[in-house]
Amino acid sequence: MDEMLPSLPEPFRIKMVERIRLHPREVREKLIREAGYNVFMLRAEDVFIDLLTDSGTSAMSDEQWAGMIKTRQAYAGSESFYSLEKAIKDIFGFKYFVPVHQGRAAENILFSTMVSPGCYVPNNMHFDTTEANVLLRGGIPVNLVVEEAYDTQKDLPFKGNMDVEKLERFIKEKTPEKIPLIMLTITNNSAGGQPVSMQNIREVSEIARKYGIPFFIDACRFAENCYFIKMREEGYRNKSIKEIAREIFSYADGCTFSGKKEALTNIGGFLCTNIEELYEKFRNLAIIIEGFITYGGLACRELEAMAIGLYEAIDEEYQAYRHRQVEYFASLLRDGGVPIVEPPGGHAVYIDAKKFLPHIPPEQFPGQALVIQLYIEAGVRAVELGSSCFGKIDDTTGKFVPARMELVRLSIPRRVYTDNHLKYVAESLIRLYQKRDQIKGLKRVYAPKLLGHFTARFEPVN
Ligand code: PLI
């Protein structure tokens, strides 16, 4: 699709390495059984290649480590707070921000301030923590992504877009008073890491303004989204990622951000806004639940690492390499016949587990079954984004309502794995695909109501 994607190698050299080990198959079988067939319950050292998440798993640069050592630790007024403030103003352009320890803390502060019971929060697609934080406040999260997002084989440039007609209809039906804010997640993590176009961001913003509803962006993977805009949307090829980011955020009233993704750090996040009275509320709540506003639940060195990492994330050569690596991995899987979500996303390749394992019904968690088999087969850890993560128990009928898609995400940690690691993963998955008929479903024997997939337990179906 992106025919002009420059074919660059890694724009870095490797200065420090970490040993990884592959246990024998019998050991992997025993470990996953003991983990209740839930990869979140495995020890990281028992995983050979860890594609569970791209969150908090980046390799930091020498510049980031140097900045962390150099900066001063202080309860109030540390210089790293001001470095981060400068970077946020420069790249995002928002007037106010509060640092937080990670993205979901920003969500907690945002929704605790704005959402009351019975309100609706539309989004293109909520991520699991966003959805849970809305529910925790008694709100109702609503996904209004374009219908094409649910067709895993449809190759469109901006499958993460909000369906703006649906959004406007929804506002009219529920009335603006019942909608305290509109959100837009860039890129759309829950449905393939798909980007949102600048035109769509502008249109959502216009609707939000028309009805007087604040508009917030979930900006976790903003720079990858900017790079997609640069490569795929008319008029942006000659703009820098920073210019594109500034335009995106100029349409919004604020954003939530997890530094664990595109600040290339292992922890951290922030909540931004241009609305002064909201900022005051955010700040006062942040002091109670996260810590004073110049450290936000973090050691000051983490703020410094974020300030530096944000610039590394908007580096054009870095983004070109990142997108090329994801595309390379996707092409190996595609060529081997594995049904992946097309086009591949910015931070991960997603497999359509419904297509991979058509003989396993949603009640037996085909995505989770595939994740487990991949660990047993190759020591690779992926994550399910299907009915284990997004399925619901209907409050009135008590019946299980499966998710619309059964996806398995192979996230690519930033600057961590080489193409060879990904080749090994692709070959293992292709081998599994060739013997897919032998893979059996799972029975869920335990799961808490909110974010239950993290601690759920399963048993194999006989
Ligand atoms: O993990 P946090 O709390 O720093 O960020 C929460 C969060 C919010 N929005 C989106 C789109 C996310 O992807 C997200 C976290 N994602 C994780 C942990 C992931 O594995 O994708």
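Quick note: structure is the one above.
Before going into details, it helps to say that this report is about the structure given with it. (Residues numbered from 1 in each chain as written. Predicted model: local features only at pLDDT ≥ 70, side-chain atom pairs only at ≥ 80, totals over all residues. Heavy atoms only, no water.)

Quick word on the side chain of Thr294
For step 1, the next point in the chain: Mapped onto the secondary structure, Thr294 falls in the loop between helix 11 (276-289) and helix 12 (300-313).
For step 2, the next point in the chain: One polar contact links the side chain of Thr294 to the main-chain carbonyl oxygen of Tyr75, over a distance of 3.2 Å.
For step 3, the next point in the chain: The contact partners of Thr294, leaving out residues within four places of it in the chain, are Tyr75, Ala76, Gly77, Ser78, Phe81 and Leu303. (Helix = DSSP H or I, 4+ residues; strand = E, 2+ residues; numbered from the N terminus. Polar contact = N/O pair within 3.5 Å; in protein donor to acceptor, adjacent residues only side chain to side chain. Contact = heavy atoms within 4.5 Å.)

A word on the nonpolar core
For step 1, the next point in the chain: Phe329, Leu333, Ile351, Phe356, Leu410 and Leu429 are the most contacted members of the largest nonpolar core, which has 66 residues in total.
For step 2, the next point in the chain: Excluding its chain neighbours within four sequence positions, the residues that come into contact with Phe356 are Val338, Pro339, Ile351, Leu370, Leu429, Leu432, Tyr433, Arg436 and Ile439.
For step 3, the next point in the chain: Core analysis: the next-biggest nonpolar cluster, separate from the first, contains 62 residues, Ile171, Ile207, Ala252 and Phe257 among them. (Core = buried A, V, L, I, M, F, W, Y, C linked by side-chain atoms within 4.5 Å. Buried < 20%, exposed > 50% of the residue type's maximum accessible area, 1.4 Å probe, protein only.)

Notes on the site of the ligand
For step 1, the next point in the chain: Neighbouring residues of the ligand: 17 residues in total, closest Thr53, Arg104, Ser258, Lys261 and Arg409.
For step 2, the next point in the chain: The contact in question runs from a nitrogen atom of the ligand to an N or O atom on the side chain of Lys261, over 3.0 Å.
For step 3, the next point in the chain: A distance of 2.7 Å separates an oxygen atom of the ligand from a polar atom in the side chain of Arg409.
For step 4, the next point in the chain: For the ligand, whose free accessible area comes to 470 Å², the fraction covered by protein is 94%.
For step 5, the next point in the chain: A total of three residues in the shell around the ligand trace back to one element, the largest contributor, which is helix 4 (residues 103-114).
For step 6, the next point in the chain: Its residues placed into classes, the shell around the ligand shows two nonpolar, eight polar and seven charged. (Near = heavy atom within 4 Å. Areas by Shrake-Rupley, 256 points an atom, 1.4 Å probe, with all protein chains shown as cover. Nonpolar A, V, L, I, M, F, W, Y, C, P; charged D, E, K, R; others polar.)

Description of the sheet that holds strand 9 (residues 348-352)
For step 1, the next point in the chain: The three strands are arranged 9-14-11 in an open sheet whose pairing can be described as antiparallel. The open sheet is flanked by strand 9 and strand 11 (383-385), the only strands paired with a single partner. Between one strand and the next, the sheet's axes are offset by a mean angle of 35 degrees, whatever the strand orientation.
For step 2, the next point in the chain: The sheet strands contacting helix 13 (residues 316-335) are strand 9 and strand 14 (407-411), and the helix crosses strand 9 at an angle near 25 degrees. (Pairing = 2+ DSSP bridges. Axes fitted to C-alpha atoms, helices over the stretch in contact; angles between N-to-C directions.)

Quick look at the environment of Tyr82
For step 1, the next point in the chain: Structurally, the position occupied by Tyr82 is in helix 3 (residues 79-91).
For step 2, the next point in the chain: A C-alpha to C-alpha distance of 53 Å links Tyr82 and Pro460, two positions 378 residues apart in sequence.

Considerations on unusual backbone geometry
For step 1, the next point in the chain: Omega for the bond connecting Ile186 with Thr187 falls within 30 degrees of zero, at -15 degrees, which places this linkage in the cis form.
For step 2, the next point in the chain: Tracing the chain through its elements places Thr187 in the loop between strand 5 (182-185) and helix 7 (198-210).
For step 3, the next point in the chain: Note that the residue after Glu342, namely Pro343, is joined by a cis bond; omega there is -15 degrees.
For step 4, the next point in the chain: Its place among the elements puts Pro343 in the loop between helix 13 and strand 9.
For step 5, the next point in the chain: One non-glycine residue with positive phi stands out, namely Tyr37, at about 55 degrees.

Focus on the pattern of salt bridges
For step 1, the next point in the chain: Overall, the coordinates contain 29 salt bridges when judged by the stated rule.
For step 2, the next point in the chain: Ionic pairing is found between Glu224 and Arg414, a salt bridge with its closest N-O pair at 3.1 Å. Taken together, the residues Glu224 in helix 8 (residues 222-232) and Arg414 in the loop between strand 14 and helix 17 (419-434) connect sequence positions 190 residues apart.
For step 3, the next point in the chain: Looking at Glu224, the relative accessible area reads 0%, which means it is buried.
For step 4, the next point in the chain: Counted as one network, the salt bridges with shared partners bring together Arg25, Glu29, Glu377, Arg431 and Lys435. (Salt bridge = Lys/Arg side-chain N within 4 Å of Asp/Glu carboxyl O.)

Quick notes on a nonpolar patch on the surface
For step 1, the next point in the chain: On the surface, a cluster of nonpolar side chains totalling about 250 Å² of accessible area is made up of Leu135, Leu136 and Leu450.
For step 2, the next point in the chain: Its location among the elements puts Leu135 in helix 5 (residues 128-136). (Patch = residues over 30% accessible without salt bridge, like charges linked within 9 Å, V, L, I, M, F, W, Y side chains within 5 Å.)

The analysis is restricted to geometry; functional conclusions fall outside its scope.
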